Amino acid sequence: MINYSVVPSPCYVLEESRLIYNLEILNKVQKEGGAKVICALKGFSFWKTFPLISQYLSGATASSLNETLLASQKMKKEVHVCAPAYKASEIGQILSRASHITFNSFSQWELFKKETLSKKVSAGIRINPEFSTVDVDLYNPASRYSRLGITIKEFKPELLDGIEGLHFHALCEQNADALEAVLERVEANFGKWIPRMKWMNFGGGHHITRADYDVQKLIGILNKFHKKYPGIEIILEPGEAIGWQTGELVSTVLDIVRNEINIAVLDVSIAAHMPDCLEMPYRPMVIGSDMLGIKKYAYRLAGNSCLAGDIAGDYSFDKPLKIGSKIIFADMIHYTMVKTTFFNGVKHPSIGIWKGGKFSLVREFGYESFRDKLS
């Protein structure tokens, strides 16, 4: 249990034991489902933990040259790469570090085919099943007019020479039943080409470490696929499931203002430091709080930027908040650090790890960090 009183504010703090718990679940999927589980850096790039993660998982997946470099330098295992498009000036560096690469279009594959084959990188094509149960369009890769993946109408089997894998991604924070439904559509549309492949990448969005996720159902789906298509390697690339519920964002009340309601101004910014709360949107959980009307003292929690909508939401507490009160936002390790900004120059949260009953400060951000992102 983290002792938040010794953690500086603001700070993202990961508890290593919780990360290990998630990794053990993911490793169970690897062993019993015969799949490779790789860490999607787009959701979890806490590279100080990569030596630990590499003891459990098969590698990492990157979406850019920078992520490819980070994966190859810090994870030091298989590096899978998938991006909407690649730049000619960067593809050489990517291919020199990648074990697998997925192309989002046949035009990109034709453009970089010769170099990919010469460097013996296993190449795949991203397909679009045109089916998903994702509710929020912002996070739905299979929505109408999506640029992500090739639809069956645009698929060109005559260009598959040299392609060793098919890659689809149509999930977001979903259970195994959603994968089952998407996979059924994938097979209906692209099944005739699956037997000629060496691997299939089932993408991310699998919420495997969530308490209500049906891990055994997932393992059953994987084994059923193996039985139907023997010898084909299955790859899963969750990001959120790795960092899920592994740590918090510690913040402090700087001021309390009143405009019909009590508003606590914090030393963090929801817009800059937990942007998914505004993009999804969703109301982040705060430890020790509840919905309005449940506890005696009500407050709106707001960020310290100039954005009028820099607001986490309305909460109630057992005791009144005061200047200096700690506000602990739960589950803030995935899709937070990878998406933060220095908007308004608001102090960027530090990064720390809680291990063996002790806090270790991993990174602190100051003026130089803000300055050097600009010019």
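Just so it is clear, the model here is predicted, and its values are computed rather than measured.

### Here's the deal with the packing of helix H6 (residues 176-190) against helix H7 (residues 215-228)
Part 1 of the argument: In the contact formed by H6 and H7, the axes pass within 9 Å of each other and the chain directions differ by 20°. With respect to H7, the axis of H6 lies roughly parallel. You can see that H6 and H7 cross each other, and the crossing is right-handed. Here Ala 176, Asp 177, Leu 179, Glu 180, Leu 183 and Glu 187 of H6 come into contact with H7, specifically with Lys 217, Leu 218, Ile 221, Phe 225 and Lys 228.
Part 2 of the argument: Considered class by class, the residues forming the contact of H6 with H7 number six nonpolar, no polar and five charged.

### Side note on the pattern of salt bridges
Part 1 of the argument: All told, the structure shown has 17 salt bridges when counted by the stated rule.
Part 2 of the argument: Two residues, Glu 248 and Arg 18, come together in a salt bridge whose shortest N-O distance is 2.9 Å. Residue Glu 248 is found in strand S10 (residues 247-259), and its partner Arg 18 is found in helix H1 (residues 16-33); the two are separated by 230 residues along the sequence.
Part 3 of the argument: A salt bridge links Glu 78 to Lys 36; the shortest N-O distance between them is 2.4 Å. In this pair, Glu 78 sits in strand S4 (residues 78-82) while Lys 36 sits in strand S2 (residues 35-40), placing the two residues 42 residues apart along the sequence.
Part 4 of the argument: It is possible to trace a salt-bridge network through shared partners that takes in Glu 15, Arg 18 and Glu 248.

### Structural notes on the pairing of strand S9 (residues 233-236)
Part 1 of the argument: As paired elements, S2 and S9 share three bridges and run parallel to each other. Along S9, the bridge assignment pairs Val 37 with Leu 236.
Part 2 of the argument: By the bridge criterion, three bridges tie strand S8 (residues 199-201) to S9 in an arrangement that is parallel. For Met 200, the partnering residue across the bridge sits in S9 and is Ile 234.

### Examining the environment of Glu 180
Part 1 of the argument: Locating Glu 180 in the fold gives a position in helix H6.
Part 2 of the argument: The exposure class assigned to Glu 180 is partly exposed, which follows from its relative accessible area of 36%.
Part 3 of the argument: Between the C-alpha atoms of Glu 180 and Lys 217, which are 37 residues apart in sequence, the distance is 9.2 Å.
Part 4 of the argument: The residues contacting Glu 180, other than those within four sequence positions of it, are Lys 217 and Ile 221.

### Some points on the nonpolar core
Part 1 of the argument: Membership of the largest hydrophobic core comes to 99 residues, with the highest contact counts inside it found for Ile 101, Phe 155, Phe 202, Ile 208, Leu 301 and Phe 329.
Part 2 of the argument: Ranked by the residues each element gives to this core, the list is headed by H6, at seven residues.
Part 3 of the argument: Counting residues in each nonpolar core, the second largest holds eight residues, with Ile 2, Cys 11, Val 13 and Val 250 among its members.

### Overview of helix H3 (residues 65-75)
Given 3.6 residues to a turn, an α-helix orients residues that are three or four positions apart in the same direction.
Part 1 of the argument: Of the positions making up H3, those classed as buried are Leu 65, Glu 67, Thr 68, Leu 69, Ala 71 and Met 75.
Part 2 of the argument: Where H3 is buried, its residues contact S2, helix H2 (50-53), strand S3 (59-62), S4 and helix H4 (88-95).
Part 3 of the argument: Just downstream of H3 lies Lys 76, where phi reads positive at about 60°.

### Some words on the packing of aromatic side chains
Part 1 of the argument: Taken as a whole, this structure holds twelve aromatic pairs when the rule is applied.
Part 2 of the argument: Centre to centre, the rings of Phe 225 and Tyr 229 are 4.7 Å apart; their planes meet at 45°, and the pair counts as tilted.
Part 3 of the argument: The class of Phe 225 is buried, set by a relative accessible area of 3%.
Part 4 of the argument: On the basis of relative accessible area, Tyr 229 is assigned to the buried category, the value being 9%.
Part 5 of the argument: Taking 6.3 Å as the distance between ring centres and 65° as the angle between the ring planes, the aromatic pair formed by Phe 342 and Phe 365 counts as edge-to-face.

Definitions and cut-offs
Within each chain, residue numbers correspond to sequence positions counted from 1 in written order. At least 70 in pLDDT is required for a residue's local features to be given in this predicted model, at least 80 for side-chain atom pairs to be given and counted, and no such filter applies to totals for whole chains, interfaces and linings, which use all residues. To obtain the side-chain values, all non-hydrogen atoms of the structure were used and water was disregarded. Helix axes use the C-alpha atoms of the stretch in contact, all axes being lines fitted to C-alpha atoms, and the angles between their N-to-C directions lie in the range 0 to 180 degrees. Secondary structure is summarised from DSSP: a helix means a run of H or I of at least four residues, a strand means a run of E of at least two, and numbering begins at the N terminus for each. We call two directions roughly parallel when the angle between them is under 35 degrees, roughly antiparallel when it is over 145, roughly perpendicular when it lies between 65 and 115, and oblique otherwise. Left-handed describes a crossing whose near helix is turned anticlockwise from the far helix by less than a right angle; the clockwise case is right-handed. Between two residues, a contact is recorded if the distance between any of their heavy atoms is within 4.5 Å. Any residue that is not Ala, Val, Leu, Ile, Met, Phe, Trp, Tyr, Cys, Pro, Asp, Glu, Lys or Arg is counted as polar, Gly included; the first ten are nonpolar and the last four charged. Only one rule defines a salt bridge in this text: a Lys or Arg side-chain nitrogen within 4 Å of an Asp or Glu carboxyl oxygen. Here a strand pair is declared whenever DSSP counts at least two bridges between the two strands. Here's how the labels work: a residue is buried when its accessible area is under 20% of the maximum for its type, exposed when over 50%, partly exposed in between, all with a 1.4 Å probe on protein chains only. By convention a nonpolar core is built from buried Ala, Val, Leu, Ile, Met, Phe, Trp, Tyr and Cys residues, the set being connected through side-chain atoms within 4.5 Å. Any two rings among Phe, Tyr and Trp, with Trp reduced to its six-membered ring, count as a pair given centres within 6.5 Å; such a pair is stacked if its planes are under 30 degrees apart, edge-to-face if over 60, and tilted if neither.

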